[in-house]
Amino acid sequence: FLYTHKKLRTLSFDSSLEQTELFITSSFLELAFYAATGEFKKGIVLVNEISKGLEQHKGKIHKVAEIVFFYSIFNIYFGAGDYSKSLQWLNKIINDTANTETIPDIYCFSRINNLIVHYELGNMDILEYIVKSTYRFLSQRNRLYKVENSILNFIRSKLPKVDTARKLIHAFKELKTELEEITKDDFEKKALEYFDFISWLESKIENRPFAEIVREKAKQLANVSI
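Structure report, in brief.

## With respect to the pattern of salt bridges
When the charged atoms of two side chains lie near each other, side chains of opposite charge can form a pair.
Here is step 1: Taken as a whole and assessed by the stated rule, the structure comprises 15 salt bridges.
Here is step 2: A salt bridge links E180 to K176; the nearest nitrogen and oxygen atoms lie 2.8 Å apart. Taken together, the residues span about one helical turn, with E180 and K176 both in helix α9 (residues 165-182) at a distance of 4 residues.
Here is step 3: On the accessibility criterion, K176 (17% relative accessible area) is buried.

Okay, here's the thing in structure tokens:
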């Protein structure tokens, strides 16, 4: 992938619009590669290049592509454990209330991931308020993913009752089992394309970095494919 992708990046077009399309496509592919393989720190190096590209191609990037960029970059920073930076990129989506119907799934999962990021940051004092506003926002949709509903209920109802580390691990295990059952459904499985909730739960249960879990799964998948 990286060898072929490097060749893609060296292409040149006379049209500035084609150059913009090349920037968008090649950047999306590389961000997705680093996220899927758990190489989030390498992704951060790419984010620095993309930030310059976003400025360079300003005004020529469609709103949909811009939102996908923001979400992809959130994912990279989250995977690298930089929750403050990941929150900054999520907020670019959440605060853009004029475009909530542009890519509705990304806006909705941004709200769910906002809860997870605040949990990771230890912002328990404002989490209750964010859960309520998230629930109001999501309830306006015609349909909630069951995955979204399960995570909301977990943070809203179960998490506040947990008072020991042992109970917390048990609660995470219960949620993981619930999500694994739900995502047997093909529709619900799509939720994991937006964020690997199950790997995140495994990282909490096993007290290991999220990136490490993702890298291990990527290697296992590569071996099975071979």
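## Some points on helix α8 (residues 146-158)
An α-helical turn contains 3.6 residues, so any two residues separated by three or four positions project in the same direction.
Here is step 1: Within α8, burial applies to V147, E148, S150, I151, L152, F154 and I155.
Here is step 2: Summarising the contacts, the buried residues of α8 are in contact with α6 (104-120), α7 (124-139), α9, α10 (186-189), α11 (191-194) and α12 (197-206).

## Here we look at the side chain of E120
Here is step 1: As for its position among the elements, E120 is in helix α6.
Here is step 2: Setting aside residues no more than four positions away along its own chain, E120 makes contact with F78, Y83, W200 and K204.

## A short note on the packing of aromatic side chains
Here is step 1: Throughout the structure, instances matching the rule amount to 22 aromatic pairs.
Here is step 2: Summarising the aromatic geometry, the rings of F1 and F33 are spaced 4.6 Å apart at their centres and angled 20° between planes, so their arrangement reads as stacked. Of this pair, F1 sits in the segment before α1 (2-9) while F33 sits in helix α2 (residues 16-37), and the two are 32 residues apart along the sequence.
Here is step 3: Exposure remark for F33: the relative accessible area of 25% places this residue in the partly exposed category.
Here is step 4: Judged by centre distance (5.2 Å) and plane angle (65°), the rings of F78 and Y83 are edge-to-face.
Here is step 5: Residue classification places F78 among the buried positions, given a relative accessible area of 1%.
Here is step 6: Following the ring pairs from residue to residue traces out a cluster consisting of F40, Y71, F74, F78, Y83, F109, Y145, F187, Y194, F195, F197 and F210.

## Comments concerning unusual backbone geometry
Here is step 1: We note that N207 has phi near 55°; this positive angle belongs to a residue other than glycine.
Here is step 2: Inspection of the secondary structure assignment puts N207 in the loop between α12 and α13 (210-225).
Here is step 3: Accessibility expressed as a relative area gives 71% for N207, which makes it exposed.

## What about the packing of α6 against α12?
Here is step 1: Here α6 crosses α12 at 10°, and the two axes come no closer than 13 Å. Between α6 and α12, the crossing angle belongs to the class labelled roughly parallel. Within the contact between the two elements, α6 uses F109, I112, N113, I116, Y119 and E120 and α12 uses F197, W200 and K204.
Here is step 2: Split by residue class, the contact of α6 with α12 holds 6 nonpolar, 1 polar and 2 charged.

## Details of empty space enclosed by the protein
Here is step 1: By the definition in use, this model includes 1 cavity of 30 Å³ or more.
Here is step 2: Each pocket or cavity is described by its volume, and for the largest cavity that value is around 50 Å³.
Here is step 3: L115, I116, Y119, I151, F154, I155, L159, F172, L175 and W200 are the residues that line the largest cavity.
Here is step 4: At the level of elements, α6, α8 and α9 are the ones that each hand at least two residues to the lining of the largest cavity.

## So, the nonpolar core
Most often, soluble globular proteins keep nonpolar side chains buried together rather than apart.
Here is step 1: L179, F195, F197 and W200 are the most contacted members of the largest nonpolar core, which has 62 residues in total.
Here is step 2: The leading source of residues in this core is helix α4 (residues 63-79), at 10 residues.

## A few points about a nonpolar patch on the surface
Here is step 1: Together, F1, L2 and L29 make up a nonpolar patch on the protein surface, roughly 270 Å² of accessible area in all.
Here is step 2: Checked against the element boundaries, L2 lands in helix α1.
Here is step 3: Classification of L2 as partly exposed rests on a relative accessible area of 42%.

## What to know about the environment of N113
Here is step 1: Residue position: N113 is located in helix α6.
Here is step 2: Along the primary structure N113 and T102 are separated by 11 residues, whereas in three dimensions their C-alpha atoms are 18 Å apart.
Here is step 3: Leaving out residues up to four positions away in the same chain, N113 has contacts with Y71, F74, L90, F195 and F197.
Here is step 4: A polar atom in the side chain of N113 sits 2.7 Å from the side chain of Y71.

## Side note on the packing of α4 against α6
Here is step 1: Running from N to C, α4 and α6 point in directions that differ by 25°, and their axes come no closer than 12 Å. Judged by the angle between their axes, α4 and α6 are roughly parallel. In terms of crossing hand, the pair formed by α4 and α6 is left-handed. Contacts between α4 and α6 pair I67, V68, Y71, F74 and F78 from the former with I106, Y107, F109, S110, N113, I116, V117 and E120 from the latter.
Here is step 2: Tallied by class, residues from the contact of α4 with α6 come to 10 nonpolar, 2 polar and 1 charged.

Conventions adopted
- Residues numbered from 1 in each chain as written.
- Predicted model: local features only at pLDDT ≥ 70, side-chain atom pairs only at ≥ 80, totals over all residues.
- Heavy atoms only, no water.
- Salt bridge = Lys/Arg side-chain N within 4 Å of Asp/Glu carboxyl O.
- Helix = DSSP H or I, 4+ residues; strand = E, 2+ residues; numbered from the N terminus.
- Buried < 20%, exposed > 50% of the residue type's maximum accessible area, 1.4 Å probe, protein only.
- Contact = heavy atoms within 4.5 Å.
- Phe/Tyr/Trp six-rings, centres within 6.5 Å; stacked < 30°, edge-to-face > 60°.
- Axes fitted to C-alpha atoms, helices over the stretch in contact; angles between N-to-C directions.
- Parallel < 35°, antiparallel > 145°, perpendicular 65-115°, else oblique.
- Nonpolar A, V, L, I, M, F, W, Y, C, P; charged D, E, K, R; others polar.
- 1 Å grid on protein atoms, 1.4 Å probe; cavity = no way out; pocket = protein on both sides within 12 Å on 5 of 7 lines; lining within 4 Å.
- Points joined across faces, edges and corners; volume = space filled by probe spheres on them.
- Core = buried A, V, L, I, M, F, W, Y, C linked by side-chain atoms within 4.5 Å.
- Patch = residues over 30% accessible without salt bridge, like charges linked within 9 Å, V, L, I, M, F, W, Y side chains within 5 Å.
- Areas by Shrake-Rupley, 256 points an atom, 1.4 Å probe, with all protein chains shown as cover.
- Polar contact = N/O pair within 3.5 Å; in protein donor to acceptor, adjacent residues only side chain to side chain.
- Left-handed = near helix turned anticlockwise from the far one by under 90°.

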